[in-house]
Amino acid sequence: MISELQVGVITQTHGIRGEVKVFPTTDDVNRFKKLKEVILDNGKERLNMTIEGVKFFKKYAILKFKGYDSINDIEKYKGAKLLVTRENAVKLKKDEYFVADLIGLRVVSDNGEDLGELKDVLETGANDVYVVKMTEGKELLLPAIKDCILNIDMDNAVITVHVMDGLM
């Protein structure tokens, strides 16, 4: 299980006072209101950043980090990922999982057939769709509904599914 989860990506600076526009990669952009710290990762360095201010603009969060008070201080971090530790992640309800934890799990059918590996989860609005890379290389798309996703066993890294007629 990964120890950090991505919550956003810095897309650009915002104004001249060190604020950044962040594209949220979390389900709820309002979670930035409660966040005190994030880990900024630009591929070369990782910095613990204290969030000093949060505003919202359209689908973006506008963040101000403590100690970064001008556009020149923060501009070099465009494109950087913002991560949170698992302790600072949102608390999940029963039968809820982080997508990052599901990716890579083995997918088996309810009749014991090894179907492949979970490669992605698509958010469609009505329900998520699990993208399974099948053993022969094809993709299988499964709606994340109770009739289809029967069990997620995190301890054994296996998702048991029922492949409904017409999905293969």
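It should be noted that the structure appears before, not after, this text.
Notes on the structure follow.

About the cut-offs
- Every chain's residues receive numbers from 1 upward, in the order its sequence appears when written.
- Only residues with pLDDT of at least 70 get local features here, since the model is predicted, and only at 80 or more are side-chain atom pairs given and counted; chain-wide, interface and lining totals rely on the full set of residues.
- In computing side-chain properties, one takes all heavy atoms of the structure into account and sets aside hydrogens as well as water.
- A run of H or I in DSSP counts as a helix once it spans at least four residues, and a run of E counts as a strand once it spans at least two, with each numbered from the N terminus.
- Accessibility here uses a 1.4 Å probe with only protein chains present; expressed as a share of the type maximum, an area under 20% marks a residue as buried, one over 50% as exposed, and anything in between as partly exposed.
- The contact criterion used is simple: two residues touch if any of their non-hydrogen atoms lie within 4.5 Å.
- Under the convention used here, Asp and Glu are negative, Lys and Arg are positive, and both His and the chain ends fall outside the count.
- The location of each charge is read from NZ of Lys, CZ of Arg, CG of Asp or CD of Glu.
- Distance thresholds for patches are 9 Å for like charges and 5 Å for nonpolar side chains (Val, Leu, Ile, Met, Phe, Trp, Tyr), applied to residues having over 30% relative accessible area and no salt bridge.
- Here, Shrake-Rupley sampling with a 1.4 Å probe gives the accessible areas, and only protein chains in the shown set may cover a residue.
- Salt bridge, as used here, is a side-chain nitrogen of Lys or Arg placed within 4 Å of a carboxyl oxygen of Asp or Glu.
- Put simply, buried Ala, Val, Leu, Ile, Met, Phe, Trp, Tyr and Cys residues joined by side-chain atoms within 4.5 Å make one nonpolar core.
- For two strands to be treated as a pair, DSSP must find at least two bridges joining them.
- To get an axis, fit a line to the C-alpha atoms, keeping to the stretch in contact for a helix; angles then go from 0 to 180 degrees between the N-to-C directions.

### Things to note about the overall build of the chain
Each helix and strand counted, the chain has 2 helices and 12 strands in total. Starting at the N terminus, the α and β elements of the chain follow one another as β-β-β-β-β-α-β-α-β-β-β-β-β-β. Expressed along its principal axes, the backbone C-alpha trace of the chain runs to roughly 60 × 30 × 30 Å. Across the 168 residues of the chain, 35% fall into the buried class. In the chain, of all internal contacts separated by at least 6 residues, the share reaching a separation of at least 24 is 48%. Seen as two clouds, the 25 positive and the 28 negative side-chain charges of the chain have centres 9 Å apart.

### Examining a negative patch on the surface
Taken together, the side chains of D27, D28, E96, E123 and D128 make up a negatively charged region of the molecular surface. Positionally, D27 belongs in the loop between β2 (19–24) and β3 (37–41). You can call D27 exposed: its relative accessible area is 72%.

### A closer look at the pattern of salt bridges
Evaluation of the coordinates by the stated rule reveals 8 salt bridges. One salt bridge in this structure joins K55 and E19, with 3.2 Å as the shortest N-O distance. Of this pair, K55 sits in strand β4 (residues 46–57) while E19 sits in strand β2; the two residues are 36 residues apart in sequence, bridging distant segments of the chain. A relative accessible area of 17% places E19 in the buried class. Among the salt bridges present, the one from K119 reaches E117, with a minimum N-O distance of 2.8 Å. Of the residues examined, K119 reaches a relative accessible area of 40% and is grouped as partly exposed.

### Focus: the nonpolar core
The biggest cluster of nonpolar side chains holds 22 residues, and the ones touching the most others in it are I10, V22, V38, L63, F65 and L82. Of all the secondary-structure elements, those providing two or more residues to this core are β1 (4–14), β2, β3, β4, β5 (60–65) and β6 (81–85). For V22, the residues in contact, after removing those within four places along its chain, are G8, V9, I10, F32, Y60, A61, L63 and L82. In this structure, L105, L142, I149 and I159 belong to the second largest nonpolar core, which totals 17 residues.

### With respect to the sheet that holds strand β12 (residues 158–161)
Taking strand neighbours across the sheet as the criterion, the 6 strands line up as β10-β9-β8-β7-β12-β11 in an open arrangement whose pairing is mixed. Of all the strands in the sheet, the pair left with one neighbour each is β10 (139–143) and β11 (149–153). If you compare each strand with its neighbour and ignore which way they point, the axes differ by 35° on average. Two elements, strand β9 (residues 128–134) and β10, share 5 bridges in a ladder whose sense is antiparallel. In the sheet register, V129 faces β10, and the bridge partner there is P143.

### What to know about the environment of K36
Relative to the elements of secondary structure, K36 occurs in the loop between β2 and β3. Measuring from C-alpha to C-alpha, the distance between K36 and E52 comes to 7.7 Å, with 16 residues separating the pair along the chain. Aside from chain neighbours lying at most four places away, what touches K36 is M49, T50 and I51.

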